[in-house]
Amino acid sequence: MPDDAKVYFWSLRQKFVDSDDDIPEQAQQVMYYSLAIGHHVGMIDCLKTELVCPLEKYKAWIDLLPEGEAKRKMQGLLTFGEININSEHTHLLALAFDPITKNDDPIFSEWSQTLIKLLGEIHAEPAIYLIVKRKP
């Protein structure tokens, strides 16, 4: 990865179906069926940028986490280039990042507070989730 690579945290808060009134009835039924079984044909995701950080600072931030499942989850970005954070991860990650909110480095403290706030929003509305992606 280049030295200026960044990590983006996007939240998915809404989706909508891209459709025209001119879609034939049979095609509409296929689209609705595919949505019902989870294939999201014609679905447009609306992503909102929540946090952007340099990859090297992300690595240092994640190094502050205690060994365990939360650290493994966040290190997945370094292995796979992308991770999803959903309602299954809120409690685990909030507990792991809470001590970092008191870190001497204000950027790590701020990022941790932002992530915990987002995790709270996911906890309150499980349909929301985060996509974390590494980009050059």
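Residues numbered from 1 in each chain as written. Predicted model: local features only at pLDDT ≥ 70, side-chain atom pairs only at ≥ 80, totals over all residues. Heavy atoms only, no water.

Enquirer: Give a detailed account of the overall build of the protein, specifying residues and quantitative values.
Expert: Per the secondary structure count, the protein includes 5 helices and 4 strands. Scanning the protein from its N terminus toward the C terminus, one meets helices and strands in the order β-α-β-α-α-β-α-α-β. In the protein, buried positions account for 34% of the 136 residues. Of the contacts made within the protein by residues no fewer than 6 positions apart, 72% connect residues no fewer than 24 positions apart. For the protein, the exposed surface amounts to about 8,200 Å²; the carbon and sulfur share of it is 52%. (Helix = DSSP H or I, 4+ residues; strand = E, 2+ residues; numbered from the N terminus. Buried < 20%, exposed > 50% of the residue type's maximum accessible area, 1.4 Å probe, protein only. Contact = heavy atoms within 4.5 Å. Areas by Shrake-Rupley, 256 points an atom, 1.4 Å probe, with all protein chains shown as cover.)

Enquirer: Break down the packing of helix α4 (residues 90-97) against helix α5 (residues 106-124) for me, with residues and values.
Expert: In the contact formed by α4 and α5, the axes pass within 10 Å of each other and the chain directions differ by 160 degrees. When the interaxial angle is binned, α4 and α5 end up roughly antiparallel. α4 and α5 meet at a crossing whose hand is left-handed. In this structure, α4 contributes T90, L93, A94 and F97 to the contact, and α5 contributes S112, L115, I116, L119, I122 and H123. Split by residue class, the contact of α4 with α5 holds 7 nonpolar, 3 polar and no charged. (Axes fitted to C-alpha atoms, helices over the stretch in contact; angles between N-to-C directions. Parallel < 35°, antiparallel > 145°, perpendicular 65-115°, else oblique. Left-handed = near helix turned anticlockwise from the far one by under 90°. Nonpolar A, V, L, I, M, F, W, Y, C, P; charged D, E, K, R; others polar.)

Enquirer: Which residues make up the nonpolar core, and what are the values?
Expert: The biggest cluster of nonpolar side chains holds 28 residues, and the ones touching the most others in it are F9, Y58, W61, M74 and F97. Within the residue set of this core, elements represented by two or more residues are β1 (6-17), β2 (43-54), α2 (55-63), α3 (69-80), β3 (82-85), α4, α5 and β4 (129-135). Excluding its chain neighbours within four sequence positions, the residues that come into contact with F9 are K48, T49, E50, L51, C53, Y58, W61, M74, L115, I131 and V132. (Core = buried A, V, L, I, M, F, W, Y, C linked by side-chain atoms within 4.5 Å.)

Enquirer: Please give an account of the side chain of S11 that cites residues and values.
Expert: Topologically, S11 is positioned in strand β1. According to the relative accessible area criterion, S11 is buried, its value standing at 1%. A polar side-chain atom of S11 sits 2.6 Å from a polar atom in the side chain of E50. The residues touching S11, leaving out its near neighbours within four places in the chain, are C46, L47, K48, E50, Y129 and L130. (Polar contact = N/O pair within 3.5 Å; in protein donor to acceptor, adjacent residues only side chain to side chain.)

Enquirer: Please provide a residue-by-residue account of the pattern of salt bridges, values included.
Expert: Per the stated rule, a full pass over the model turns up 8 salt bridges. The closest approach of N and O atoms between E69 and R72, which form a salt bridge, is 2.4 Å. In this pair, E69 and R72 both sit in helix α3, 3 residues apart, roughly one turn of the helix. Measuring nitrogen to oxygen at the nearest pair gives 3.1 Å for the salt bridge that ties K117 to E121. Pair noted here: K117 and E121 are both in helix α5, with a separation of 4 residues, about one helical turn. What makes K117 partly exposed here is its relative accessible area of 45%. (Salt bridge = Lys/Arg side-chain N within 4 Å of Asp/Glu carboxyl O.)

Enquirer: Explain the packing of aromatic side chains residue by residue, including any values.
Expert: Under the criterion given, the structure shown has 7 aromatic pairs. Measuring from ring centre to ring centre gives 5.5 Å for Y8 and W10, while their planes differ by 10 degrees; the resulting arrangement is stacked. A residue is classified by how much of its surface remains accessible, and W10, at 15% relative accessible area, is buried. The interplanar angle of 80 degrees and the centroid separation of 6.1 Å between the aromatic rings of Y58 and W61 together place this pair among those described as edge-to-face. With a gap of 3 residues between them, Y58 and W61 both fall in helix α2, about one helical turn apart. Given the relative accessible area of 0%, Y58 is considered buried. Taken together, F9, Y58, W61, F97, F108 and W111 form an aromatic cluster joined through their ring pairs. (Phe/Tyr/Trp six-rings, centres within 6.5 Å; stacked < 30°, edge-to-face > 60°.)

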